[in-house]
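Single-letter residue listing:
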Amino acid sequence: MSHKRIPKRKAAIAAGGVVALGAAAILLPNANASQDGSSGDAAAAPKTLKAGDASDLASQLSGLLGEAFGGSYYDSASKQLVVNVVPGDNNNVVVQAKAAGAKVREVDNSWSELQDGASTLKSEATIAGTSWSIDPRTNKLLVTADSTVTGAKWDRLESTVQELGSGMATLKKSSGTFKPFVSGGDAIFAGGSRCSLGFNVTAGDGSPAFLTAGHCTLGGNEWSDTQGGQPIATVDQSTFPGNGDFALVKYDDPATEAPSEVNTGDQTVPITEAAEATVGQQVFRMGSTTGLNDGQVLGLDATVNYPEGTVTGLIQTDVCAEPGDSGGSLFTQDGLAIGLTSGGSGDCTAGGETFFQPVTTALEAVGATLGAGGAAGGGAGAGDEAGAGAGEEAGAGDEAGAGDEAGAGDEAGAGAGEEAGAGEEAGAGDEAGAGEQAGGDEAGAGAGAGHDAGQGVEDNSGLTESR
């Protein structure tokens, strides 16, 4: 089937953009970017923006272009928000977008047409091992098939993509296999499963809780911060598969303190609020298996057909991840919570595709809040000591997870607020992350992910890529 090109006029711009930051760079707040104070054509010139400003601009432009909207993305080189527009007979909205500071680009496919294309893929090519997302940079659907999609399955997928019409989608093959990233091991535990804590939050009833991946809760209802340890948190709500991959897990002790922070082992990143992802945005991920890694957002509104079922509404990135990283935090250098690790293919040696549950969607669905002034975040166990609550190392001898500050905020493994990765004694004397392995083997504590910061020690420059 083919799609007609119809002039579009009004739309919502995907929110959020962030200045690129290499994984080896020091994690510091972005300097205020120029807002173009030049005279003459200044009002129509695209503005250079820092992360918060780009996100705000995108939110302000939401709904302005309507059917003319073709998506938006952040250009990290020029530090500008690029808005795609399908040419039409209403030039006023384009003028308004330019006046607001966006860089306007004419494209063929509107956002609604791309969504229609995604709906066609869903109805005609929902095949285990496939995924698709909207890529505003190419103004196409990015369709990916993993190594299990062969023969008749590949022919069916390829035929459906061709039906969408020329210029609507790009089809590529992945050498890996799409799967949720969960395995038996360290960090937060339920039964024989290991996952990573994402962000500490405050549940709707005011109790402390944390977010993780919904598929993690298939392993059990009660979670511990040590393998085989005493449960410290219980699943309250969970979604997987279907309209997302997220779960709200409440700490059993209502006195648990959980500040909204991510501990990277060498420094702590305050998490101020949840934000929408933007294609082109630089992001960081923490996980109990691979620690800290960074990359860019590649696509939005992604659909992934896992063996367990189809999950919609995800973020696609090129940030690597491996089994056990599930549920871990995806965040920005300036403290915005973006996503929870869902799954993908590949590993942190060869790379691959990785998908994340948007934090904004998860928070809305479970009725929780995150950020300064109420977001839960960190201490696990007994309420103030990181990890096991009684002086055990971050993550109670494993990773800062399950209730540790993972993603949260007390410094992982830093017992009574001592910084994990700072050489302070974890809990009651075990060093958290500062040379001693949090949880016994990973350096630091699970930054906002309930996992060890760095599994591969971060260097002194700050936020570094881990292996």
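Cut-offs used in this document
Residues numbered from 1 in each chain as written. Predicted model: local features only at pLDDT ≥ 70, side-chain atom pairs only at ≥ 80, totals over all residues. Heavy atoms only, no water. Helix = DSSP H or I, 4+ residues; strand = E, 2+ residues; numbered from the N terminus. Contact = heavy atoms within 4.5 Å. Areas by Shrake-Rupley, 256 points an atom, 1.4 Å probe, with all protein chains shown as cover. Pairing = 2+ DSSP bridges. Axes fitted to C-alpha atoms, helices over the stretch in contact; angles between N-to-C directions. Phe/Tyr/Trp six-rings, centres within 6.5 Å; stacked < 30°, edge-to-face > 60°. Buried < 20%, exposed > 50% of the residue type's maximum accessible area, 1.4 Å probe, protein only. Expected span 1.5 Å × (residues − 1). Disulfide = S-S within 2.5 Å. Core = buried A, V, L, I, M, F, W, Y, C linked by side-chain atoms within 4.5 Å. Polar contact = N/O pair within 3.5 Å; in protein donor to acceptor, adjacent residues only side chain to side chain. Salt bridge = Lys/Arg side-chain N within 4 Å of Asp/Glu carboxyl O.

A. Seen up close, the overall build of the chain. What the chain contains, in helices and strands, is five helices and 27 strands. Intrachain contacts of the chain at a sequence separation of at least 6 include 68% that bridge at least 24 residues. With the model as given, the accessible surface of the chain reaches about 15700 Å², and the carbon-plus-sulfur share is 46%.

B. Local environment of the sheet that holds strand E2 (residues 80–85). Judged by pairing direction, the sheet is mixed, and its three strands sit side by side in the order E1-E2-E3 without closing on themselves. At either end of the open sheet lies a strand with only one pairing partner, and these are strand E1 (69–75) and strand E3 (103–106). For this sheet, the mean inter-axis angle between neighbouring strands, taken without regard to orientation, is 25°. Relative to E3, E2 is paired through four bridges, and the arrangement is parallel. Paired with valine 85 across the strands is glutamate 106, a residue of E3.

C. Expanded view of the sheet that holds strand E13 (residues 233–239). As summarised here, the arrangement of the five strands in space is E10-E11-E14-E13-E12, forming an open sheet in which the pairing is antiparallel. For this open sheet the edge positions go to strand E10 (199–202) and strand E12 (222–223), each flanked by a neighbour on one side alone. In this structure, E13 lies alongside strand E14 (residues 246–251), joined through six bridges in antiparallel fashion. Residue pairing for E14: valine 235 is matched across the bridge by valine 249.

D. Main features of the packing of aromatic side chains. Across all of its chains, the model carries five aromatic pairs by this definition. Here the aromatic rings of phenylalanine 178 and phenylalanine 355 are separated by 5.6 Å at their centres, their planes lie at 85°, and the arrangement is edge-to-face. You can see phenylalanine 178 sitting in the loop between strand E6 (169–173) and strand E7 (179–180) and its partner phenylalanine 355 sitting in strand E23 (residues 354–358), a full 177 residues away along the chain. Overall, phenylalanine 178 belongs to the buried group, its relative accessible area being 1%.

E. Region of interest: helix H4 (residues 151–163). Taking 1.5 Å per residue, 13 residues should reach 18 Å; H4 reaches 18 Å between its end C-alpha atoms and fits that length. Those residues of H4 that are buried lie in contact with helix H3 (111–124), strand E4 (130–135), strand E5 (140–145) and E6.

F. Geometry of the state of the cysteines. Enumeration over the complete set of coordinates arrives at two disulfides. For cysteine 195, the disulfide goes to cysteine 216, at an S-S distance of 1.9 Å. One quick way to see it: the torsion about the S-S bond of cysteine 195 and cysteine 216 is about -95°, and its sign makes the bridge left-handed. Remark: cysteine 216 occurs in the loop between strand E11 (208–212) and E12 and cysteine 195 occurs in strand E9 (residues 193–195); sequence separation between them is 21 residues.

G. Geometry of unusual backbone geometry. Put simply, phenylalanine 240 and proline 241 share a cis peptide bond, and its omega is -15°. The topology assignment puts proline 241 in the loop between E13 and E14. Positive phi, close to 60°, is recorded for asparagine 139, a residue that is not glycine. Following the sequence through the fold, asparagine 139 ends up in the loop between E4 and E5.

H. Spatial organisation of the nonpolar core. Residues Val83, Leu121, Leu141, Val143 and Ile338 are the most contacted members of the largest nonpolar core, which totals 48 residues. One finds Phe199, Ala209, Leu248 and Val269 within the second-largest nonpolar core, a separate group that totals 22 residues.

I. Looking closely at the side chain of lysine 250. Considering the arrangement of structural elements, one finds lysine 250 in strand E14. Within the structure, the side chain of lysine 250 is placed 2.8 Å from the side chain of aspartate 205, a separation counted as a polar contact.

J. Molecular detail of the environment of alanine 68. Assignment of secondary structure puts alanine 68 in the loop between helix H1 (51–61) and E1. Put simply, alanine 68 and valine 85 are 17 residues apart on the chain and 5.3 Å apart in space, counted from C-alpha to C-alpha.

K. Structural detail: the pattern of salt bridges. For the structure on display, the rule yields five salt bridges. Residues aspartate 205 and lysine 250 are paired through a salt bridge, measuring 2.8 Å at the closest nitrogen-oxygen approach. Remark: lysine 250 occurs in strand E14 and aspartate 205 occurs in the loop between E10 and E11; sequence separation between them is 45 residues. A salt bridge links aspartate 325 to arginine 285; the shortest N-O distance between them is 3.5 Å.

L. Inspection of the environment of glycine 214 at higher detail. As for its placement among the helices and strands, glycine 214 is situated in the loop between E11 and E12. Residue classification places glycine 214 among the buried residues on the basis of a relative accessible area of 1%. Measuring from C-alpha to C-alpha, the distance between glycine 214 and phenylalanine 246 comes to 3.9 Å, with 32 residues separating the pair along the chain. Ignoring anything within four residues of it in the chain, the contact list for glycine 214 reads Ser238, Thr239, Phe240, Asp245, Phe246 and Ala247.

M. Spatial organisation of the pairing of E23. With five of five residues buried, E23 is to be regarded as a mostly interior element. As defined by bridge partners, strand E20 (residues 309–317) adjoins E23 across three bridges and the pair is classed as antiparallel. By the bridge assignment for E23, threonine 317 is matched with threonine 354. As judged from the five bridges shared by strand E22 (residues 336–344) and E23, these two strands associate in the antiparallel manner. The residue bridging threonine 341 from the neighbouring strand is phenylalanine 356, located in E23.

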